[in-house]
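Breakdown of the fold
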Amino acid sequence: MIPEYPSRSVEARNRGGRWREGAQGRSGLLCAIHSVVKKEPFTEHYTLIPGKELGRGKFAVVKKCVEKSTGREYAAKFMRKRRKGQDCRAEIIHEIAVLELAASCHRVVNLHAVYEMPSEMVLVLEFAAGGEIFNRCVAERDEAFIEEDVKRLMRQILEGVAFLHKNNVVHLDLKPQNILLTSDNPLGDIKIVDFGLSRMVSSNQEIREIMGTPEYVAPEVLSYEPISTATDMWSIGVLAYVMLTGMSPFLGADKQETFLNISQINVSYTEEELEQLDKAAIHFIKSLLIKEPEDRATAEECLKHQWLQTQETNSAKEKGKITASSIPEPVGTAVSTQHSDEDVKEESRLTEELIVMAAYTLGQCRQSSDKESLTPEQKAISKRFKFEEPFPGLQEVPGDFIY
Ligand code: ADP
Ligand code: MG
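Residues numbered from 1 in each chain as written. Chains lettered and ligands numbered in written order. Predicted model: local features only at pLDDT ≥ 70, side-chain atom pairs only at ≥ 80, totals over all residues. Heavy atoms only, no water.

So the rule is basically this: UniProt positions are given in the numbering used here, feature names are shortened, and annotations may be inferred rather than shown by experiment.
An unreviewed UniProt entry lists the protein under the name Serine/threonine-protein kinase 17A, with Silurus meridionalis given as the organism. Per its UniProt entry, the protein bears the Sequence similarities (unreviewed entry) comment "Belongs to the protein kinase superfamily. CAMK Ser/Thr protein kinase family. DAP kinase subfamily." Per UniProt, the protein has the following entry under Subcellular location (unreviewed entry): "Nucleus".

Structure (structure tokens):
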């Protein structure tokens, strides 16, 4: 629930007119927090571990630190208040407010303290010692997740996301870099981090924004349709695919190709890595990678999905695997794996047109440096990972999206 705000009037005055009545601003940002914002130097209470940078984004650096009074380890997220010449304190306050709102959910990283300096704010967070699940997603086969791991972790991710959605929070940047582990070996539990792009959604207010990370972004974001909790569910589908196969289902050689693959739901379910999986896993993914947001499964429905119910033992695996025919097809899945030659021709013509249109509307996008080394097939749907920055807002994207 939305927290109480004991320091509301003081905060309001301090923010020089940025205070908006009510707990939620017009753009889906929460604007009230109840954490005490400490103004003394962060280093008075914490020792930064030298050389231990845990992660870095466009506007944030995360470092490991130790609380002097307790000896406990934390992750300190240093966030610049001014970004591209704009005061972004309100966005940081929102991130804090969402962490406060999710304080009772142990699938979301815990916020321990907040510090404010003239040019940055520091969020002292519970330390997730196992790092990003991303590392396991791109690891070699022997280090990669096995299906049973993915099922357990996916259940936990869904518990966190169901909690957020119940509280009208959409994360909007669910990807393997923002899902951390409490420990790596043995494989621990998940912690959802990074609420920098998250928004509050409510029935009387539409949010249309272009944000997210290209590979994980849902079709409605690209077509500038309203964002909803279903937008996160698309990303969960991508996440499941990546965790199970180590391949990114929509990644193209550049952003345009990625967006095109997404808007056409151009995803392959015939990869070797998928063949070996429980058929229910594919069904789970197919129930999420659906163009129409209202046809996608919700987090609660996913938690009840057959794939996540089965406790497979080796003998069960041998005997009674769930067959595709025993599971109803998801509604509105715009996926066909069998194409006639005519279809292929028509598709490639359409693809070219759309690429031209996407290139025109998006302007210059960063090209993959190893694009030349890709075969024509790989260019269509490249499975290579790239480290793309999320695009945080419409103003960041040159040109308008018109498709
Ligand atoms: P950004 O908005 O810059 O993406 P994040 O909150 O995602 O910031 O943090 C960047 C990276 O820092 C994460 O992807 C992760 O690798 C690391 N990180 C963030 N929070 C923690 C944490 N609590 N414990 C350990 N590592 C963290
Ligand atoms: Mg992040």
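Here the narrative resumes, following the displayed structure.
What about the packing of aromatic side chains?
We count it as follows: In this analysis, rings of Phe, Tyr and Trp, with Trp reduced to its six-membered ring, are considered paired at centre separations within 6.5 Å, and the interplanar angle assigns stacked below 30 degrees, edge-to-face beyond 60, and tilted for intermediate values. For the purposes of this entry, the term helix denotes a DSSP run of H or I that reaches at least four residues, the term strand denotes a run of E that reaches at least two, and both are numbered from the N terminus. Partly exposed describes any residue whose relative accessible area lies between the buried limit of under 20% and the exposed limit of over 50%, with all areas from a 1.4 Å probe on protein chains only and scaled to the type maximum.
Evaluated as defined, the whole model comprises 8 aromatic pairs. For the pair Y46 and Y74, a centre-to-centre distance of 6.2 Å together with 85 degrees between the ring planes defines the contact as edge-to-face. Here Y46 is found in strand β2 (residues 46–56), whereas its partner Y74 is found in strand β4 (residues 73–80), with 28 residues between them in sequence. Among the residues examined, Y74 registers a relative accessible area of 8% and is labelled buried. Between W234 and F250 the ring centres are 5.2 Å apart and the planes differ by 20 degrees, which places this aromatic pair in the stacked class. With W234 in helix α6 (residues 229–245) and F250 in the loop between α6 and α7 (255–263), this pair connects stretches of sequence that are 16 residues apart. For the pair W234 and F250, one class covers both residues: buried.

Let's talk about the sheet that holds strand β3 (residues 60–67)
Note the threshold: Here, a strand pair is defined by DSSP locating no fewer than two bridges between the strands. Contact between two residues is taken to exist if any of their heavy atoms lie within 4.5 Å; hydrogens are not considered. Note on method: axes are straight lines fitted to C-alpha atoms, helices fitted across the in-contact stretch only, with angles between N-to-C directions ranging 0 to 180 degrees.
Across the sheet, which stays open at both edges, the 6 strands sit in the order β1-β7-β8-β4-β3-β2 with mixed pairing between neighbours. The open sheet terminates on both sides in strands that have one partner only, identified here as β1 (37–38) and β2. As defined by bridge partners, β3 adjoins β4 across 7 bridges and the pair is classed as antiparallel. Looking at the pairing, K64 lines up with A75 of β4. Packing of helix α2 (residues 89–101) onto the sheet brings it into contact with β4, β7 (111–116) and β8 (120–126), and relative to β8 it is tilted by some 15 degrees.

Section: the coordination of the magnesium ion (ligand 2)
Six octahedral donors at a metal ideally form angles of 90 or 180 degrees, and four tetrahedral donors ideally form angles of 109.5 degrees. To be explicit about the condition: The donor definition counts N, O and S atoms within 2.8 Å of each metal and applies 3.2 Å to Na, K and Ca; water is not among these atoms, so some sites may look incomplete.
Looking at the magnesium ion (ligand 2), the protein donor atoms are N178 (OD1) and D194 (OD), and they sit 2.1 to 2.3 Å from it. One end of the pair, N178, is in the loop between β10 (169–170) and β11 (179–181); the other, D194, is in the loop between β12 (190–192) and β13 (199–200), and 16 residues separate them in sequence. A relative accessible area of 6% means that N178 is categorised as buried.

Some details on the environment of S119
For S119, the position within the fold is in the loop between β7 and β8. Between the C-alpha atoms of S119 and M79, which are 40 residues apart in sequence, the distance is 8.6 Å. Sequence-distant contacts of S119, that is, excluding residues within four places in its chain, are made with M79, R80 and K81.

As for the pattern of salt bridges
In plain terms, the rule: For salt bridges, the criterion is a side-chain nitrogen of Lys or Arg within 4 Å of an Asp or Glu carboxyl oxygen.
Taken as a whole and judged by the stated rule, the model has 15 salt bridges. Between D194 and K77 there is a salt bridge, with the nearest N and O atoms lying 3.6 Å from each other. Taken together, the residues D194 in the loop between β12 and β13 and K77 in strand β4 connect sequence positions 117 residues apart. The partly exposed category is assigned to D194, whose relative accessible area is 24%. Here R152 ties to D189 by a salt bridge, and the two come within 3.0 Å at their closest N and O atoms. Of this pair, R152 sits in helix α4 (residues 147–166) while D189 sits in the loop between β11 and β12; the two residues are 37 residues apart in sequence, bridging distant segments of the chain. Salt bridges sharing partners connect three or more residues here, namely K39, K81, R89 and E116.

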